[in-house]
Amino acid sequence: MTRSGHMPIATPEVYSEMLDRAKAGKFAYPAINVTSTQTLHAALRGFAEAESDGIIQISTGGAEFLGGQFSKEMVTGSVALAEFAHIVAEKYPVTVALHTDHCPKDKLDGYVRPLIAVSEERVKAGRNPLFQSHMWDGSAETLADNLSIAQELLARAAAAKIILEVEITPTGGEEDGVSHEINDSLYTTVDDALRTAEALGLGEKGRYLLAASFGNVHGVYKPGNVVLRPELLKELNDGVAAKYGKPAGAQPFDFVFHGGSGSSAEEIATALENGVVKMNLDTDTQYAFTRPVADHMFRNYDGVLKVDGEVGSKSTYDPRTWGKLAEASMAARVVVATQDLRSAGTKIK
């Protein structure tokens, strides 16, 4: 326990409180993908500077990178960074949850299931889970198969005090080798939502986050190439609320906004009003991290390279020199994300 008595890594109870606060306050937490200890620090720094709690996540590709290029072992890489986060987060006056991003069917046995097992053992020993949530991305499967696997994972996750995130229909574009075309399949239907509620319940079988599709696309795209319809989320909530006798205006689902990089302020605001509590950011923060590094290399060409038999400048090619610039730039982009999502200044005291 630190400072005001809260844990820097959210307990299961605090994570649920965070999501409840976001939904009630019509804001969402930026979920920042990280691939190193330095990008982790950048995310934590951004949250701290914005006085926002947040979510830090590791994709399968990020976990492979963290596992080292000799073995690319995803579980080793993600566990190592999570343990590191549990230590260094104490120095930041905010609360964060740890999450694993997109995991397709062929990687479940090498990633999410072993990580759930790690947390199961921790919980049996009276400790908190290592990760606070995991994502199952079954969007490439039929909805029936997707939800069948989700039921199995939700039961295990709930027993280990973990929240499951499920993606029931595709997000366009490409991320870590998983790609979907940009077409009409990128819009979840009310029937899809009803089938999800029937299979997974509305909290009684375990809490889950729902990545529904409303035209979302991963990666970089120019304005006009993607048609986002965040108002669709209201239709999904209304359809399920009516079926299950919930009051008018109820929001049964905790929605996740995928492919958030490049979205307009209006699109984000509409999504927040309709129950989005988490928005993923990766492309924009990757660029923010790399941009000052490129600038440094171009400006200091003769220093970072031993040109024409010279010796270069150690202080210029020292990774700490350009690494500090990268961390500061990424942290600044995280601050902007908290402002866009209205989470700035809302940290749990």
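Structure: above.
First, a word on scope: everything that follows refers to the structure included in this document. Here the structure is a predicted model, which is why all the values come from computation and not from measurement.

So, on to the pairing of strand 3 (residues 96-100). Moving residue by residue along a regular strand, the side chains alternate between the two faces of the sheet. Most of strand 3 is tucked away: 5 of the 5 residues are buried. The alternating pattern of strand 3 places V96, L98 and T100 on one face and A97 and H99 on the opposite face, and all of these are buried. Bridge count for strand 3 against strand 4 (residues 133-137) is 2 bridges, and the pairing is parallel. Each residue of the ladder has a partner; that of H99, found in strand 4, is S133. Read as a crossover between parallel neighbours, the route from strand 3 over helix 5 (residues 112-124) to strand 4 is right-handed.

Where charged atoms from two side chains of opposite charge approach closely, those side chains can pair. One pass over the structure, following the stated rule, counts 18 salt bridges. A salt bridge links R45 to E327; its shortest N-O distance comes to 3.4 Å. Residue R45 is located in helix 2 (residues 37-50), and its partner E327 is located in helix 13 (residues 319-340); the two are separated by 282 residues in the primary sequence. Judged by its relative accessible area of 27%, R45 is partly exposed. Between D295 and R299 there is a salt bridge, with the nearest N and O atoms lying 2.9 Å from each other. In this pair, D295 and R299 both sit in helix 10 (residues 283-299), 4 residues apart, roughly one turn of the helix. Judged by its relative accessible area of 27%, D295 falls in the partly exposed class. Given the relative accessible area of 66%, R299 is considered exposed.

Right, let's get into empty space enclosed by the protein. On inspection of all chains with the given rule, the structure shows 2 cavities of 30 Å³ or more. Space inside the second largest cavity adds up to approximately 40 Å³. Taken together, V34, I56, I58, L81, A82, A85, L98, H99 and F131 make up the full set of residues lining the second largest cavity. Taken together, the elements giving at least two residues each to the lining of the second largest cavity come down to strand 2 (54-58), helix 4 (74-88) and strand 3. Looking at the lining of the second largest cavity residue by residue, the class counts come to 8 nonpolar, 1 polar and no charged.

Attention now goes to unusual backbone geometry. Phi at E51 is positive, roughly 55°, even though this residue is not glycine. Phi at K72 is positive, roughly 50°, even though this residue is not glycine. Mapping K72 onto the fold places it in the loop between helix 3 (60-66) and helix 4.

Across the 5 residues of strand 2, 5 count as buried, placing the element largely inside the fold. Here strand 2 shows a buried face lined by G54, I56 and I58 and a second buried face lined by I55 and Q57. As paired strands, strand 1 (residues 29-33) and strand 2 are joined by 3 bridges and run parallel to one another. Among the inter-strand pairings, I32 is bridged to a residue of strand 2, identified as I56. For the handedness criterion, the β-α-β arrangement of strand 1, helix 2 and strand 2 is classed as right-handed. Alignment of strand 2 against strand 3, held across 5 bridges, turns out to be parallel. Directly across from I58, in strand 3, lies its bridge partner T100.

The next subject is helix 13. The end-to-end C-alpha distance of helix 13 is 31 Å, a good match for the 32 Å that 22 residues give at a rise of 1.5 Å each. Among the residues of helix 13, those classed as buried are G323, A326, E327, M330, A331, R333, V334, V335, A337 and T338. Packing partners of the buried residues in helix 13 comprise strand 1, helix 2, strand 10 (276-281) and helix 10. Where helix 13 terminates, the next one or two residues include R342, which has phi positive at roughly 70°.

Here we take up the environment of L202. Examined against the element boundaries, L202 turns out to sit in the loop between helix 7 (190-200) and strand 8 (208-211). Sequence separation between L202 and Q286 is 84 residues, and the spatial gap between their C-alpha atoms is 35 Å. Here L202 is in contact with A197, Y208, V240, Y244, K246, P252 and F253, once residues within four sequence places are set aside.

At a closest axis distance of 11 Å, the pairing of helix 2 and helix 4 adopts a crossing angle of 40°. When the interaxial angle is binned, helix 2 and helix 4 end up oblique. Relative to helix 4, helix 2 is oriented so that their crossing is right-handed. Along the contact surface, helix 2 presents T37, L40, H41 and L44, while helix 4 presents L81, F84, A85 and V88. When the residues that make up the contact of helix 2 with helix 4 are grouped by side-chain class, the tally is 6 nonpolar, 2 polar and no charged.

Rules and cut-offs
- Residues numbered from 1 in each chain as written.
- Predicted model: local features only at pLDDT ≥ 70, side-chain atom pairs only at ≥ 80, totals over all residues.
- Heavy atoms only, no water.
- Buried < 20%, exposed > 50% of the residue type's maximum accessible area, 1.4 Å probe, protein only.
- Helix = DSSP H or I, 4+ residues; strand = E, 2+ residues; numbered from the N terminus.
- Pairing = 2+ DSSP bridges.
- Right-handed = clockwise from strand over helix to strand, strands pointing away.
- Salt bridge = Lys/Arg side-chain N within 4 Å of Asp/Glu carboxyl O.
- 1 Å grid on protein atoms, 1.4 Å probe; cavity = no way out; pocket = protein on both sides within 12 Å on 5 of 7 lines; lining within 4 Å.
- Points joined across faces, edges and corners; volume = space filled by probe spheres on them.
- Nonpolar A, V, L, I, M, F, W, Y, C, P; charged D, E, K, R; others polar.
- Expected span 1.5 Å × (residues − 1).
- Contact = heavy atoms within 4.5 Å.
- Axes fitted to C-alpha atoms, helices over the stretch in contact; angles between N-to-C directions.
- Parallel < 35°, antiparallel > 145°, perpendicular 65-115°, else oblique.
- Left-handed = near helix turned anticlockwise from the far one by under 90°.

Distances and angles like these do not, on their own, reveal function.
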